[in-house]
Amino acid sequence: MATRVGIGYDIHPRAADRTLVLGGVEFPGEAGLEGHSDADVLVHAIGDALLGSLALGDLGRHFPPGDPRWKGASSLDLLRLIRAMLDGMGAQVVHVDATVIAEAPKLAPLRDAMCANIARALRVGISQVSIKATTNEGLGAVGRGEGIAAMAVATVEASSS
Ligand SMILES: [Zn+2]
């Protein structure tokens, strides 16, 4: 077995007419994010990290933004498909660590629910999923609340290097 690590980053602009979804959790009354799917920026960063750990390219390669199959799709479904891809390669998810960068909303109250959704989609224990939140201290586009960004690292045990 070989331990491999992947990194992921994503950012979406805010969209006032959509509901915010982060880690598969809806935040009622919060402006959502623009995107073809549910624009779950956190799950997208995690998906990219998982794909990256096995050098499988990025999310856009496997789930093209223009593909009608993914219009309005729950990004947790994409995560389930990535998990199936890893299964097919004999790889196991060891740990996922992610940070959401947003001025608002406060994520702490729903952090456990987000971790649980992601752990369920990846079929791992909740202790194998870490989600943190920070602000951009008012700096740049994210600091002005024009978008939400996320970064993630995934550790995977692969059957071969
Ligand atoms: Zn995205």
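Owing to the predicted nature of the structure, the values given are computational and were not obtained by experimental measurement.

**Q** Can you help me understand the sheet that holds strand β3 (residues 92-101) in this one?
**A** Across a sheet, paired strands are connected by hydrogen bonds in the backbone, their directions being either parallel or antiparallel. Pairing in this open sheet of five strands is mixed, and the strands run β2-β1-β5-β3-β4 from one edge to the other. The sheet terminates laterally at β2 (25-33) and β4 (129-134), the two strands that pair on one side only. Here the strands of the sheet are splayed against their neighbours by 30 degrees on average, with no regard to which way each runs. In this structure, strand β1 (residues 2-22) lies alongside β2, joined through six bridges in antiparallel fashion.

**Q** What's the story with the UniProt feature "site: Transition state stabilizer" (unreviewed entry) in the protein in this structure? I'm lost.
**A** Mapped onto this numbering, the UniProt entry annotates "site: Transition state stabilizer" (unreviewed entry) at H36 and T135. Considering the C-alpha atoms alone, the annotated residues occupy 100 residues of sequence and remain spread out, their largest mutual distance being 24.9 Å. With respect to the secondary-structure elements, H36 resides in the loop between β2 and α1 (41-53). Judged by C-beta crowding, with 15 C-beta atoms within 10 Å, H36 ranks as partly exposed.

**Q** What is the right way to read the environment of V41 from this model?
**A** By secondary structure assignment, the location of V41 is in helix α1. Placed 33 residues apart in sequence, V41 and G8 show a C-alpha to C-alpha distance of 10 Å. Every residue in contact with V41, bar those within four places of it in the chain, is listed here: D10, I11, H12, L33, I148, A149 and A150.

**Q** What is the right way to look at the packing of helix α3 (residues 75-88) against helix α4 (residues 111-122) in this model?
**A** Packed helix pairs are specified by the crossing angle of their axes together with the interaxial distance, meaning the distance between the axes. Two numbers describe how α3 lies on α4: the axes approach to 8 Å, and their chain directions differ by 35 degrees. Where α3 abuts α4, its residues L76, L79, R80 and R83 lie against N117, I118, A121 and L122.

**Q** What exactly am I supposed to notice about unusual backbone geometry here?
**A** In most cases, non-glycine residues show a negative phi, while peptide bonds are predominantly trans. The omega torsion across A104 and P105 is 0 degrees, close enough to zero to call that bond cis. Mapped onto the secondary structure, P105 falls in the loop between β3 and α4. Located in the positive-phi region is A39, a residue other than glycine, with phi close to 60 degrees. Its location among the elements puts A39 in the loop between β2 and α1. Unusually for a residue other than glycine, R123 sits at a positive phi of about 55 degrees. By secondary structure assignment, the location of R123 is in the loop between α4 and β4. Its 12 C-beta neighbours within 10 Å are what place R123 among the exposed residues.

What counts, and at which threshold
Residues numbered from 1 in each chain as written. Predicted model: local features only at pLDDT ≥ 70, side-chain atom pairs only at ≥ 80, totals over all residues. Pairing = 2+ DSSP bridges. Helix = DSSP H or I, 4+ residues; strand = E, 2+ residues; numbered from the N terminus. Axes fitted to C-alpha atoms, helices over the stretch in contact; angles between N-to-C directions. UniProt positions renumbered as here; feature names shortened; annotations may be inferred. Buried ≥ 20, exposed ≤ 12 C-beta atoms within 10 Å, placed from the backbone. Contact = placed C-beta atoms within 7 Å.

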